[in-house]
Amino acid sequence: MLKTIIISALTLMPICVNAQNPQLGKDPIEKVINAMTLDEKLNLLIGSEGNVKNENSATIGNSSVLVPGAAGQLNAIPRLGIPNTVLADGPAGLRIQPKRAGTDKTFYCTHFPIETVMSSTWNTELVKMVGTAMGDEVKHYGVDVLLAPATNIHRNPLNGRNFEYYSEDPLLAGKICAAMINGVQSNGVGTSMKHFALNNQETNRTSNNVIGSPRTFREIYLKPFEIAVKESQPWTVMTSYNKINGTYASERADLVTEILRHEWGFKGMVMTDWYGGQHAVWQMEAGNDLLMPGKLSQREELRKAVLNGTLSMETIDRNVKKVLEYILKSPHFKGYVADNNPDLKAHAQVTRNAALEGMVLLKNSKNALPLNTNIKKLAAFGFTSYDFIAGGTGSGDVNHAYVVSLIDGLKNAGFTMDGDLQQAYEKYIPEAKAQMPKSTSQFAAFLPKKLISEMDLSNMNLSDIAKTNDAAVITIGKTSGEFGDRNIKDNFNLTTAEKKMISDVTTSFHKAGKKVIAILNVCGVVETQSWINQPDAVLISWLPGQEGGNSVADILVGKESPSGRLPMTWPVSYNDVPNKDDFPIPDNISEDQLMESLKGFFDKRTEGVRKNFDVTTYNEGIYVGYRYYTTKNVPVSYPFGYGMSYTSFSYSKPVVTKDANGDINVSVEVKNTGKVAGKEVVQVYVSAPGKDMDKPARELKGFAKTSKLNAGESQRVDITIPYNSLASFNEQGSCWQVESGLYKVMVAKNAADVKPLIATVNEEGKITENVRPCLTAEQK
């Protein structure tokens, strides 16, 4: 009773602003914390919306006053020298409002390529450069933390948010993520690595319960986060909405404190995703320091728990300290005044170059690309040739000043476009969009964008178009966003109209002896086997940001040789995906069901047992992506790591050695044996003995991208595989363990390369790390 009376008195104590108040940055943090009332502490632990009575009042991802359009804001305590700080999306560039009341000045941001493009570069130096440009805009516009990058695994190709994530492979995802964080944070601003963890489906994501084994979680889904924490130390980490084995991620102390902080050495602040989790007290106890964007009910719950003694002041103070440590690093605390004047022109060149390097050439029959210099006039088919898709929707979107369409990019490269065809599309597109149903949901900007159907070409004389043009370009567009996953029928698969367009155009142009190039302006994997034999060349542009049309044109004309490699497997059919039975089928989910899941965004989460809606079981274990296809010998359309070039490369016999620590060192000479300059990606896979526990046939353990090599030029590439990276997680012993035996080291072109360069290394097995059992039964 006495404890309650004392705490109550502190919360009601009048505050006197004078020189006696300790000041953050001048006095020890502990002294500042001790000077706070309970309400002031809660002000720091709950975002600025925690003082608003109507919890639905904040537009999702738009609750900052200091920077309009920013996702959230932390409260200030002026008497203690604690300023507001600002958090803003997102993974493809800063997302704020481009226009503000009272001024004609604009506040546009650069729309960089999506994260899948970044991982397709396999180039950590380039990704860091992109992050540096992105972070520069964050600082110039007065934001303290960029709510990015996201590094969840591409578990299934239908995930609506795969475009925001890097790869199906944890090493590639982790290394690219770390490079992005290091780039952004080099500007003195922070990042928030997300969504920690296992946010691998959008369907019912706020209530979905992920069921799986600790080994699966640790080896596949947590590993990219671990790599990024150890190599970049993001300022903050954002927990995910979903449950993990029965408990919300933000409420699991074993995830947030034991694994993240104790095992990996994370030093920063942990925040929730917007309105994430269910129990504010459990989140505080788990080590989730900041609840965003803040709800009045959370404040009341925490206040009541402290006053009645069920939540200790020690826990509150621990979390407040983490928030203050973040604030001490922030630009707002350091007195930085935003000038709102980043170098958008320079950043446009950065995004153009980055998109170019992440594009993947799938097919190039008879050297159809680069386009012959005799080709001057092009016919562009597909509505996204004219309405190019720069990025996905939701928090990964960016308010950009412009997007260079494919048409504009080709014109900039000197091509003449078929004017009549262009006029037909430019008439059709706005009319088709006007007929699309308009969503009235407050989540409309985040929901997957519905695209118009392809224009009917039956009234056009394709033979005449083929005669009057030198070649054809066909663009196929697919996009996705938050709260829902991709349909199989018309998003993973091409529509009947799209396939007919490809067939009709290629037939007409081939009869005229003309070539057809297909551009995949897509958010992720699409089915290709049913149509890819028709066009002469196929280039994946992904969603390449605002300069996408220029980047595509640079490749088509041969200004640069494509050097992107797939960061995920492209299966022959969705039926070949290993977890197809353990993932939602969006085609079968009604609009009512989708809206039902969104109702729980602000309020109580739903509890249920519906398979793959309420509960998703990871029955495939560690066999995700190429780990499954290569181990089970399942044919694929295009394997992980695949990509073509305009030139060719040869490898010397690799020199593989082992040092005293058991680290494996791989050295190989790469030579450009073709006629044009280009870059090559060296991939090193390892096959473990597989005697102590089940192991995949091969796993990526190292990679490197060469510099741009001229014809005939060589470069030595050195890759080190740390001994610890050979360890698998032993659930029975709750430890990381390297097994003894012979390891195959394979220098390969891709994960399915049947003729890799092989060397063997004998390793002595041992336990590399003992850890506490985590992520098992429900934790509360």
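No experiment lies behind these values; they were computed from the predicted model shown. (Residues numbered from 1 in each chain as written. Predicted model: local features only at pLDDT ≥ 70, side-chain atom pairs only at ≥ 80, totals over all residues. Heavy atoms only, no water.)

1. A word on the overall build of the chain
Move 1: In terms of regular secondary structure, the chain is built from 21 helices and 29 strands.
Move 2: Against the globule reference of 28 Å for 780 residues, the chain gives a C-alpha radius of gyration of 27 Å, in line with a compact fold.
Move 3: Referenced to the eigenvectors of the C-alpha coordinate spread, the extents of the chain come out at roughly 90 × 70 × 50 Å.
Move 4: By residue count, 63% of the 780 residues in the chain fall in the buried class.
Move 5: Of the accessible surface of the chain, which amounts to about 28,600 Å², a share of 50% is contributed by carbon and sulfur atoms.
Move 6: Across the chain, 83 positive and 83 negative side-chain charges occur, with their mean positions spaced 2 Å apart. (Helix = DSSP H or I, 4+ residues; strand = E, 2+ residues; numbered from the N terminus. Rg over C-alpha atoms; globule rule 2.2 N^0.38 Å. Buried < 20%, exposed > 50% of the residue type's maximum accessible area, 1.4 Å probe, protein only. Areas by Shrake-Rupley, 256 points an atom, 1.4 Å probe, with all protein chains shown as cover. Lys, Arg positive; Asp, Glu negative; His and termini not counted. Charge placed at Lys NZ, Arg CZ, Asp CG, Glu CD.)

2. A look at the sheet that holds strand E22 (residues 681–687)
Move 1: Here we have four strands laid out as an open sheet, ordered E23-E22-E27-E28, and antiparallel in their pairing. Both outer strands of the open sheet, strand E23 (699–705) and strand E28 (757–763), are each paired with one neighbouring strand and no more. Strand after strand, the sheet turns through a mean of 20 degrees between neighbouring axes, direction not considered. (Pairing = 2+ DSSP bridges. Axes fitted to C-alpha atoms, helices over the stretch in contact; angles between N-to-C directions.)

3. A look at the sheet that holds strand E4 (residues 190–196)
Move 1: On the basis of which strands lie adjacent, the open sheet formed by six strands has the order E1-E2-E3-E4-E6-E9 and mixed pairing. Bordering the open sheet on either side are strand E1 (72–74) and strand E9 (269–271), each of which pairs with just one other strand.
Move 2: Here E1 pairs with strand E2 (residues 85–88) via three bridges, running antiparallel. Its bridge partner being in E2, Leu74 is matched across the sheet by Thr85.
Move 3: With respect to the sheet, helix H9 (residues 253–263) is in contact with E4, strand E6 (236–239) and E9, its orientation differing from that of E9 by roughly 150 degrees. (Contact = heavy atoms within 4.5 Å.)

4. Quick notes on the pattern of salt bridges
Move 1: Enumeration over the complete set of coordinates arrives at 37 salt bridges.
Move 2: With a closest N to O distance of 3.0 Å, Arg627 and Asp169 form a salt bridge. Placement of the pair is Arg627 in helix H21 (residues 626–631) and Asp169 in the loop between strand E3 (145–146) and helix H6 (170–185), with a sequence separation of 458 residues. Asp169 carries the same exposure label as Arg627, and that label is buried.
Move 3: As a salt-bridge pair, Lys749 and Glu680 come within 2.9 Å of each other at their nearest N and O atoms. Residue Lys749 is located in the loop between strand E27 (741–748) and E28, and its partner Glu680 is located in the loop between strand E21 (664–672) and E22; the two are separated by 69 residues in the primary sequence.
Move 4: For Lys749, a relative accessible area of 36% translates into the label partly exposed.
Move 5: On the basis of relative accessibility, which here comes to 3%, the residue Glu680 falls in the buried class.
Move 6: One salt-bridge network, in which partners are shared between bridges, spans Arg161, Glu164, Glu202, Arg205 and Glu482. (Salt bridge = Lys/Arg side-chain N within 4 Å of Asp/Glu carboxyl O.)

5. Points about helix H15 (residues 419–434)
Move 1: Between its terminal C-alpha atoms H15 stretches 23 Å, which fits the 22 Å expected from 16 residues at 1.5 Å a residue.
Move 2: All of the buried residues in H15 are Leu421, Gln422, Tyr425, Tyr428, Ile429 and Ala432. Here the buried residues of H15 occupy an arc of 135 degrees about the axis, which is enough to place them on one side. Along H15, exposed side chains directed more than 90 degrees from the buried face belong to Asp420, Gln423, Lys427 and Ala434.
Move 3: Tucked inside the fold, the buried residues of H15 contact strand E11 (377–381), helix H14 (406–412), strand E12 (416–417) and helix H18 (496–511). (Expected span 1.5 Å × (residues − 1). Arc of directions from axis to C-beta.)

6. Let's talk about unusual backbone geometry
Move 1: In this model, Asp89 is joined to Gly90 through a cis peptide bond whose omega is 5 degrees.
Move 2: The residue Gly90 is located in the loop between E2 and helix H4 (115–121) in this model.
Move 3: Going from Lys194 to His195, the amide bond is cis rather than trans, its omega being -10 degrees.
Move 4: Residue placement: His195 occurs in strand E4.
Move 5: In this model, Asn245 sits at a positive phi of 45 degrees, which is unusual for a non-glycine residue.
Move 6: Mapped onto the secondary structure, Asn245 falls in the loop between strand E7 (243–244) and strand E8 (247–248).
Move 7: The phi dihedral of Asn612 is positive, around 65 degrees, even though this residue is not glycine.

7. Structural notes on helix H13 (residues 344–358)
Move 1: Taking 1.5 Å of rise per residue, the 15 residues of H13 would be expected to cover 21 Å, and the 21 Å separating its terminal C-alpha atoms lies within 8% of that figure.
Move 2: Along H13, the positions that sit buried rather than exposed are His347, Ala348, Val350, Thr351, Arg352, Ala354, Ala355, Leu356, Glu357 and Gly358.
Move 3: Where H13 is buried, its residues touch H4, helix H5 (124–140), strand E10 (360–364), helix H19 (548–556) and E23.

8. Re the nonpolar core
Move 1: If you look at the biggest cluster of nonpolar residues, it comprises 158 residues, and the most contacted ones within it are Leu362, Phe381, Tyr425, Leu520, Trp542 and Trp570.
Move 2: Of the residues forming this core, the biggest block, 10 residues, is contributed by H6.
Move 3: If sequence neighbours within four positions are ignored, Leu362 has contacts with Leu520, Ile532, Val538, Ile540, Leu566, Trp570, Tyr638, Tyr642 and Met644.
Move 4: Membership of the second largest hydrophobic core comes to 43 residues, among which are Ala71, Leu147, Tyr241 and Leu291. (Core = buried A, V, L, I, M, F, W, Y, C linked by side-chain atoms within 4.5 Å.)

9. A word on the packing of aromatic side chains
Move 1: A full pass over the atoms with the stated rule returns 17 aromatic pairs.
Move 2: Look at Phe492 and Tyr574: their rings are 5.7 Å apart centre to centre, the planes differ by 70 degrees, and that puts the pair in the edge-to-face class. Remark: Tyr574 occurs in the loop between strand E16 (570–571) and helix H20 (591–599) and Phe492 occurs in helix H17 (residues 488–492); sequence separation between them is 82 residues.
Move 3: Looking at Phe492, the relative accessible area reads 0%, which means it is buried.
Move 4: Here the aromatic cluster, defined as three or more aromatic residues joined through ring pairs, consists of Trp122, Tyr626, Phe640, Tyr685 and Phe703. (Phe/Tyr/Trp six-rings, centres within 6.5 Å; stacked < 30°, edge-to-face > 60°.)

10. Examining the pairing of strand E14 (residues 515–521)
Move 1: Extensive coverage of E14 is indicated by the burial of six of its seven residues.
Move 2: Here E14 pairs with strand E15 (residues 537–540) via four bridges, running parallel. Following the sheet pairing, Ala518 is matched in E15 by Val538.

11. Let's talk about the confidence of the model for the chain
Move 1: Looking at the chain, pLDDT values average 94 and 94% of them are 70 or higher.
Move 2: Here residues 1–17 is modelled with pLDDT under 50, and outside its nearest four sequence neighbours on either side it reaches 16 contacts, counting other chains as well. (pLDDT = per-residue confidence, 0-100.)

12. Let's talk about the side chain of Gln422
Move 1: Tracing the chain through its elements places Gln422 in helix H15.
Move 2: Residue class for Gln422 comes out buried when judged on its relative accessible area of 12%.
Move 3: Aside from chain neighbours lying at most four places away, what touches Gln422 is Tyr386, Ile407, Lys411 and Met417.

13. Focus: the environment of Arg252
Move 1: On the secondary structure map, Arg252 appears in the loop between E8 and H9.
Move 2: When its relative accessible area of 0% is taken as the criterion, Arg252 is described as buried.
Move 3: As for Arg252 and Leu775, which are separated by 523 residues in sequence, their C-alpha atoms are 8.2 Å apart.
Move 4: Here Ile244 takes part through its backbone oxygen, which lies 2.5 Å from a polar atom of the side chain of Arg252.
Move 5: A distance of 2.9 Å separates a polar atom in the side chain of Arg252 from a polar atom in the side chain of Asp254. (Polar contact = N/O pair within 3.5 Å; in protein donor to acceptor, adjacent residues only side chain to side chain.)

14. Looking at the packing of H5 against H6
Move 1: The N-to-C vectors of H5 and H6 enclose an angle of 35 degrees; their axes lie 6 Å apart at closest approach. Helix-helix and strand crossings are classified by hand; for H5 and H6 the assignment is right-handed. Side by side, H5 and H6 meet where Thr124, Val127, Lys128, Val130, Gly131, Thr132, Met134 and Gly135 of the first sit next to Lys175, Ile176, Ala179, Met180, Asn182, Gly183 and Val184 of the second.
Move 2: When its residues are assigned to classes, the contact of H5 with H6 shows seven nonpolar, six polar and two charged. (Left-handed = near helix turned anticlockwise from the far one by under 90°. Nonpolar A, V, L, I, M, F, W, Y, C, P; charged D, E, K, R; others polar.)

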